[in-house]
Amino acid sequence: MGDVLAGIHATWEFEPDAVLIRFERGIRAPKLYQALRERRIPHEALASVTLSPGRRGTVVLHAVPRAGADPLMEAAAGQLKDACDPYRLVLPADRELLAEHYADELRARLGPAAAEPAERFLVSAPEAPLQFKAYDAKATFDGGQVAFRWFWTGASSAKWKAGDQTFPVRELSGVEWRSPDVFDGYLRLLRRGHAGDVQPAQADQDPAAVVFGLGYGPVHESLPFAAAVLAAVRNAGTAAPVPVHAGVTAGRDPAVIADRIRHLGELYQAGLVTDEEFAAKKAQLLAEL
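In this text the structure is predicted, and so the values were computed from the model without any measurement.

Conventions adopted
Residues numbered from 1 in each chain as written. Predicted model: local features only at pLDDT ≥ 70, side-chain atom pairs only at ≥ 80, totals over all residues. Heavy atoms only, no water. Salt bridge = Lys/Arg side-chain N within 4 Å of Asp/Glu carboxyl O. Helix = DSSP H or I, 4+ residues; strand = E, 2+ residues; numbered from the N terminus. Buried < 20%, exposed > 50% of the residue type's maximum accessible area, 1.4 Å probe, protein only. Phe/Tyr/Trp six-rings, centres within 6.5 Å; stacked < 30°, edge-to-face > 60°. Lys NZ or Arg CZ within 6 Å of the ring centre and 35° of its normal. Expected span 1.5 Å × (residues − 1). Core = buried A, V, L, I, M, F, W, Y, C linked by side-chain atoms within 4.5 Å. Pairing = 2+ DSSP bridges. pLDDT = per-residue confidence, 0-100. Contact = heavy atoms within 4.5 Å.

Draft legend 1. Highlighting the pattern of salt bridges. By the definition in use, this model includes 14 salt bridges. A salt bridge links E38 to R22; the shortest N-O distance between them is 3.2 Å. Placement of E38 in strand β4 (residues 38–42) and of R22 in strand β3 (residues 18–23) is noted, with a sequence separation of 16 residues between them. On the basis of relative accessibility, which here comes to 38%, the residue R22 falls in the partly exposed class. Bridged by salt links that share partners, the residues E176, R188, R191 and D206 form one connected network.

Draft legend 2. Here's a closer look at the packing of aromatic side chains. Here the structure, examined in full by the defined rule, presents 10 aromatic pairs. Ring centres of W12 and F14 lie 6.4 Å apart, and the angle between their planes is 65°; this geometry places the pair in the edge-to-face category. The two residues W12 and F14 agree in class, both being buried. Aromatic side chains F23 and Y33 sit 4.7 Å apart centroid to centroid with 40° between the ring planes, which places their arrangement in the tilted category. Here F23, found in strand β3, pairs with Y33, found in helix α1 (residues 31–36); they are 10 residues apart in sequence, far enough to count as distant. The two residues F23 and Y33 agree in class, both being buried. One aromatic cluster in this structure is built from F132, F141, F212 and F225. Seen from the ring of Y186, R188 lies directly overhead, with NZ or CZ sitting 5.1 Å from the centre.

Draft legend 3. View of helix α5 (residues 219–235). The terminal C-alpha atoms of α5, which comprises 17 residues, lie 24 Å apart, in line with the 24 Å expected from a rise of 1.5 Å per residue. With 13 of 17 residues buried, α5 lies mostly within the body of the structure.

Draft legend 4. Seen up close, the nonpolar core. Grouped together as the largest cluster of nonpolar side chains are 67 residues, with contacts concentrated most on L187 and L189. Considering each element in turn, this core owes the most residues, 11 residues, to α5.

Draft legend 5. Representation of the pairing of strand β9 (residues 137–141) within the structure. In β9, alternate side chains face the same way, and those of A137, A139 and F141 are buried while those of K138 and T140 on the opposite face are not. When strand β8 (residues 130–133) meets β9, the two strands line up antiparallel, connected through 4 bridges. Its bridge partner being in β9, Q131 is matched across the sheet by T140. Between β8 and β9, which follow one another and run antiparallel, lie 3 residues. Here 5 bridges tie β9 to strand β10 (residues 145–150), and the two strands are oriented antiparallel to one another.

Draft legend 6. Inspection of the environment of S173 at higher detail. Among the structural elements, S173 can be located in strand β12 (residues 172–178). Its relative accessible area of 44% is what places S173 among the partly exposed residues.

Draft legend 7. Highlighting the confidence of the model for the protein chain. Per-residue confidence for the protein chain gives a mean pLDDT of 88, with 86% of residues at or over 70. Low confidence marks residues 238–251, where pLDDT is under 50. Its contacts with residues over four positions away, or in another chain, come to 18 contacts.

Draft legend 8. View of the pairing of strand β11 (residues 165–168). Side chains of β11 alternate between two faces, with Q165 and F167 and T166 and P168 buried alike. Note that β10 and β11 share 4 bridges and pair antiparallel. In the sheet register, Q145 faces β11, and the bridge partner there is P168.

Draft legend 9. Region of interest: unusual backbone geometry. Of note, the bond from A128 into P129 is cis; its omega dihedral lies within 30 degrees of zero at 5°. Mapped onto the elements of the fold, P129 is located in the loop between α3 (96–108) and β8. Residues other than glycine seldom take positive phi values, yet R37 does so here, at roughly 65°. As for its position among the elements, R37 is in the loop between α1 and β4. In the Ramachandran plot, A77 falls in the positive-phi region, its phi being about 50° despite a non-glycine side chain. Relative to the assigned elements, A77 resides in the loop between α2 (71–76) and β7 (88–92).

Draft legend 10. Just the environment of P16, in detail. Tracing the backbone shows P16 in the loop between β2 (10–14) and β3. Of the residues examined, P16 reaches a relative accessible area of 66% and is grouped as exposed.

As structure tokens, this is what we get:
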């Protein structure tokens, strides 16, 4: 097609095999759009295309992705509000005929597998490195591993006892993202199963999870983060996970061990761990060196 359709907060450029979406970065644009900047959506990643009336004299062109085609939408799991949906293009009502033309053009390019889930991600994930601040930790992802560094003011004693965490993507099976727009939002890393290694039900007690809160882990930061981790996990393929014992990660960097011992000492000084717990955990950490 090779044409451009400019809407409110986004512009769609129609390529022969894809739609290139460029998001507006103005102050009124949704923050998720500003964070995404630009996305290329192959036609094979789409399940359907609709055109419907919008609010206040607008129409909405909506390209619906196939299940499993986009790591961002897979991580969102239906929790995105319409105003933040990157597949919606809002247009003035006087462009309805033009929008209908492009909707028909896109529908004609949908393949026979459009109704089927995609076998792999067809849309690129946000690129690492990425980071954001949750209520109880700073989360970072460098493309190969996720790290959680706990905040003294927010992390539970269970997390402080466990110490700062590092998770190579090869040891993960997925990501669970619960929107910060709800009361108990969080991001949880799903680890490959090991005997006796059961993740706590509550995110604030789980060292593989960070919790959100008012002003923490906003959608435009935590969702791209979750999508990038999810894509990296899928791309890791079927590589065998590295066996670890519950609570102990093999091959720790000495600097990480020293940092965890320092945190343990702070907990001990604050009276949050007993003499026996302090001695046992310190011995365990030293044994990892």
